[in-house]
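# Summary of structural features
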Amino acid sequence: VSLAAPEIAGRAVAVIGAGIVGACAALSLQRAGQPVTLIDGQPPGSGASFGNAGMISPDFCVPMSVPGMLRKVPGWLLDPLGPLAIRPAYLPTVLPWLLRWARAGRLDRVLAGSDALRALHGRAFDLYRELLGPEHFAALIRTTGQIYYRDGDEAPAGEPIRDAIWQRHGVVAEPLDVRELRRLFPALTPRAGHAIFRPHAGHTVNPQRLVQTLVELFSLAGGVLRQENVLKILPEGTGYRLVTGIANHLFEQVVVAAGAWSERLVRPLGYRLPLESERGYHITIARPNVAPPPMPVLCSNRPASASPLDDAIRCAGSIEFAGLDAPMNEARAKVMLERTQAMLPQLKIEHYAMWMGHRPSFPDSLPVIARAPKHPGLVFAFGNGHSGMTGAPMTGRLVAELVAGRQPSIALSPFSATRF
Ligand SMILES: Cc1cc2nc3c(=O)[nH]c(=O)nc-3n(C[C@H](O)[C@H](O)[C@H](O)COP(=O)(O)OP(=O)(O)OC[C@H]3O[C@@H](n4cnc5c(N)ncnc54)[C@H](O)[C@@H]3O)c2cc1C
């Protein structure tokens, strides 16, 4: 342990947060010639990037709030097996965010948001291939497509607007015969009907290993990884002092990619951003007794999905508002168990792992990818919400372009920090 005063690390850049966004940003910055330090209090890929459903969906372009959705909310809240839960004591805190979410569901905003999501996600496979190289890409990512099905006949909320948005962006969604669905995934409930196949989508076989591999590539190329929790970002001279639990470090530029915790880090600098944790749950069944699906399968009218991981099936979903500090709600995890069993009736759920994680979400379903308005050399890259595994490689590339002062690959205005 050095007790010497910290030295200014020249042009050096720090990235706070080694989730999928921080990992992609650190590697992109490094490849652009910057000396980079990646700092996280936990091992890489321990946050939301650990336990997500692993879907990589370049065609994902429908914001979470769309016209007609708001009417469904009371019913969802009353249904114990429903997709949405709010811890009562947390309601006053989350109410302003929910009102913004409702306003984000206006048609003009939804269409503009869908354009931004399409630009952010559209090249996800190509960008991962560039970052990982062909061998790691082949080991970690599958471009098999995804399947959506309905449980029973009831149409999902917002289906007409979803279809209109897909048409606007040329999303390929082919009808899938139910017999073909049964052949592809015999373990799926016999209630499954009305299925579609989206060929231009896929998944990673292990979200955490994807993050770890990106960080390993970064380290092998000389990047510095520090396992330290950043307590404070203090402007100093033309750069920043990062105060961590065990040291101080000085950097010329700092990228905040700390997922759902990012707002806490930048609030003392005078920023109030409507970043909320949409807490999600998963149940992972290792070495299942039924054949896993050949690709991710999502139920469009119930909160359930099944993804094939290395040697496991992962069922993920649910949205719970209870903040960053409340412990996991076992009742919500049990709901995931019940949903999983309903989706896969023959699956023996004896040995499983349950998990809760924090989706970093803004009410309009778009991240902030921007220079901090009041602090030169500080860059925000957080809020990728439900689609961070998909949006991370482009987010990382945009961060590298922002830090270098280069022309961004896509329009940045939808991702500004001043849009709220
Ligand atoms: C149940 C569920 C299913 C999902 N399914 C999908 C899916 O199928 N496809 C998809 O694209 N997306 C999915 N997502 C969303 C996706 O997981 C997230 O958008 C993404 O992981 C966010 O990445 P991140 O790097 O911003 O945040 P995180 O992965 O949470 O990383 C943030 C990191 O910052 C670190 N950190 C925080 N504070 C500090 C500090 N003060 N100092 C140092 N380090 C700090 C944390 O330790 C953490 O490692 C899902 C999410 C959930 C919860």
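Placed above this text is the structure.
Throughout, residues of each chain are indexed from 1 in the direction in which the sequence is written. Reporting of local features is limited, given that this is a predicted model, to residues whose pLDDT is at least 70; pairs of side-chain atoms are given and counted only at 80 or more, and all residues count toward the totals for whole chains, interfaces and linings. With hydrogens and water stripped out, all remaining heavy atoms of the structure feed into the side-chain values.

### Details of the overall build of the chain
Regarding its fold elements, the chain presents twelve helices and 21 strands. Put simply, the radius of gyration uses C-alpha atoms, and a globule should come to 2.2 Å times the residue count raised to 0.38. The C-alpha atoms of the chain give a radius of gyration of 21 Å, which matches the 22 Å a tight globule of 420 residues would have. If one aligns the C-alpha atoms of the chain with their principal axes, the spans along those axes are about 65 × 45 × 40 Å. Three exposure classes are used, based on accessible area relative to the maximum for each residue type with a 1.4 Å probe and protein chains only: buried under 20%, partly exposed in between, and exposed over 50%. Taking all 420 residues of the chain together, the buried fraction comes to 57%. Working rule for contacts: check all heavy atoms of both residues, and any pair within 4.5 Å makes them a contact. Look at the contacts in the chain between residues 6 or more apart in sequence, and 76% of them connect residues 24 or more apart. Method for areas: the Shrake-Rupley scheme with a 1.4 Å probe, in which residue coverage is limited to the protein chains shown. Surface exposure of the chain reaches about 17,700 Å², of which carbon and sulfur atoms provide 56%. Under the convention used here, Asp and Glu are negative, Lys and Arg are positive, and both His and the chain ends fall outside the count. By convention, the charge on Lys lies at NZ, on Arg at CZ, on Asp at CG and on Glu at CD. Taken as two groups, the 42 positive and 33 negative side-chain charges of the chain have centres that lie 3 Å from each other. Working definition: helices are DSSP H or I runs of at least four residues, strands are E runs of at least two. Numbering for both runs from the N terminus.

### Observations concerning the state of the cysteines
When two cysteine sulfur atoms lie within 2.5 Å, the pair is treated as a disulfide. Inspection of the entire model under this criterion finds zero disulfides. Cysteine Cys-61 shares no disulfide, and the gap to the nearest cysteine sulfur, in Cys-299, comes to 20 Å. Among the residues examined, Cys-61 registers a relative accessible area of 1% and is labelled buried. The thiol of Cys-315 is unpaired, and the distance to the nearest cysteine sulfur, on Cys-299, comes to 11 Å.

### Digging into the environment of Pro-160
By the element assignment, Pro-160 lies in helix α7 (residues 159–168). Assessed through its relative accessible area of 65%, Pro-160 is described here as exposed. Here the alpha-carbon distance between Pro-160 and Pro-67, two residues 93 residues apart in the chain, equals 9.8 Å.

### Looking at a nonpolar patch on the surface
Among the surface-exposed residues, Leu-91, Leu-95 and Leu-99 lie close enough to one another that they form a single nonpolar patch of about 250 Å² accessible area. For Leu-95, the location among the structural elements is in helix α4 (residues 91–103). A patch is a set of surface residues, each over 30% in relative accessible area and not in a salt bridge, joined within 9 Å for like charges and within 5 Å for the nonpolar side chains Val, Leu, Ile, Met, Phe, Trp and Tyr. Note on definitions: salt bridges are taken to be side-chain nitrogens of Lys or Arg within 4 Å of carboxyl oxygens of Asp or Glu.

### What to know about the site of the ligand
Here a residue is near a molecule or strand as soon as one of its heavy atoms is found within 4 Å of it. Neighbouring the ligand are 35 residues, the closest being Asp-40, Ser-49, Met-55, Val-230 and Gly-385. Between the ligand and the protein, one listed contact pairs an oxygen atom with a backbone N or O atom of Val-21 at 3.1 Å. One of the backbone N or O atoms of Gly-54 is found 3.4 Å from an oxygen atom in the ligand. Coverage of the ligand by the protein chains reaches 95% of its 1,000 Å² of free accessible surface. Where the shell around the ligand is concerned, the elements lending two or more residues are α1 (20–31), α2 (48–51), β15 (276–286), β19 (353–361) and α12 (388–404). Between N or O atoms, a polar contact is any pair within 3.5 Å; within protein, one atom must be a potential hydrogen donor and the other a potential acceptor, and residues adjacent in sequence are included only when both atoms are from side chains.

### Re the layout of surface pockets
Cavity means a closed set of points on a 1 Å grid over the protein atoms alone, one where a 1.4 Å probe fits but cannot get out, pocket means an open set with protein on both sides within 12 Å along at least 5 of 7 lines, and lining means a residue has an atom within 4 Å of a point. Grid points are joined across faces, edges and corners, and a volume is the space filled by probe spheres set on the points. Roughly 570 Å³ of internal volume is contained in the second largest pocket. Forming the walls of the second largest pocket are 23 residues, and the residues nearest its centre are Glu-263, Arg-267, Leu-273, Pro-274 and Leu-275. Elements that contribute at least two residues to the lining of the second largest pocket include exactly α4, α10 (262–266) and β15. If one sorts the elements of the lining of the second largest pocket by residue count, α4 sits on top with four residues.

Read these as geometric descriptors, not functional statements.
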